[in-house]
Amino acid sequence: MANPIIRSAGYDAQRQVLEMEFASDGQICQFDNVPEEIWYRFRSHHLPALFFQHFIMGHYPERKMQEIG
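Residues numbered from 1 in each chain as written. Predicted model: local features only at pLDDT ≥ 70, side-chain atom pairs only at ≥ 80, totals over all residues. Heavy atoms only, no water.

A. Region of the structure containing the overall build of the chain. A count of helical and extended segments in the chain gives two helices and four strands. The order of helices and strands in the chain, counted from the N terminus, is β-β-β-α-α-β. Per-residue burial for the chain yields a buried fraction of 36% across its 69 residues. Considering only contacts within the chain whose residues lie at least 6 apart along the sequence, 47% involve residues at least 24 apart. (Helix = DSSP H or I, 4+ residues; strand = E, 2+ residues; numbered from the N terminus. Buried < 20%, exposed > 50% of the residue type's maximum accessible area, 1.4 Å probe, protein only. Contact = heavy atoms within 4.5 Å.)

B. Region of the structure containing the pattern of salt bridges. Counted according to the given criterion, the structure contains three salt bridges. A salt bridge links Arg-7 to Glu-21; its shortest N-O distance comes to 2.7 Å. Residue Arg-7 is found in strand S1 (residues 6-12), and its partner Glu-21 is found in strand S2 (residues 17-22); the two are separated by 14 residues along the sequence. According to the relative accessible area criterion, Arg-7 is partly exposed, its value standing at 39%. When the shortest N-O distance is used, the salt bridge between Arg-15 and Asp-12 registers 3.4 Å. (Salt bridge = Lys/Arg side-chain N within 4 Å of Asp/Glu carboxyl O.)

C. Main features of the side chain of Asp-32. Relative to the elements of secondary structure, Asp-32 occurs in the loop between strand S3 (28-31) and helix H1 (36-44). At 2.5 Å, the side chain of Asp-32 forms a polar contact with the side chain of Arg-63. Not counting the four nearest positions on each side in its chain, Asp-32 is found in contact with Gln-16, Val-17, Tyr-60, Pro-61 and Arg-63. (Polar contact = N/O pair within 3.5 Å; in protein donor to acceptor, adjacent residues only side chain to side chain.)

D. Inspection of helix H2 (residues 48-55) at higher detail. Looking only at H2, the buried set comprises Pro-48, Ala-49, Phe-51 and Phe-52. Projected onto a plane normal to the axis of H2, the buried residues spread over an arc of 160° and lie on a single side. Of the surrounding secondary structure, the elements contacted by the buried residues of H2 are S1, S2, S3 and H1. (Arc of directions from axis to C-beta.)

E. Structural detail: the packing of H1 against H2. Across the interface, H1 lies against H2 with an axial gap of 8 Å and an inter-helix angle of 145°. Across from Ile-38, Arg-41 and Phe-42 in H1, the residues of H2 making contact are Pro-48, Phe-51, Phe-52 and Phe-55. Looking at the contact of H1 with H2, its residues break down into six nonpolar, no polar and one charged. (Axes fitted to C-alpha atoms, helices over the stretch in contact; angles between N-to-C directions. Nonpolar A, V, L, I, M, F, W, Y, C, P; charged D, E, K, R; others polar.)

Structure, rendered in structure tokens:
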């Protein structure tokens with residue numbers, strides 16, 4: 001994912017878990033109970049970081065997993 005804020009993102013449809021790695025610090029966070037429709041909207045949005053800030057962050061339970069590098 002070519003984005004200055006989000007390095008990568010993945011989604012587990014069975015568990016409804018969205019996982020994101022942030023470019024600034026390598027932090028990996030998981031967001032629980034994210035509907036598949038939100039994942040598809042995020043992936044297709046022309047500004048995924050903006051979509052993340054408005055429709056995901058603060059709307060779904062978040063768990064910080066680890067920092068890389």
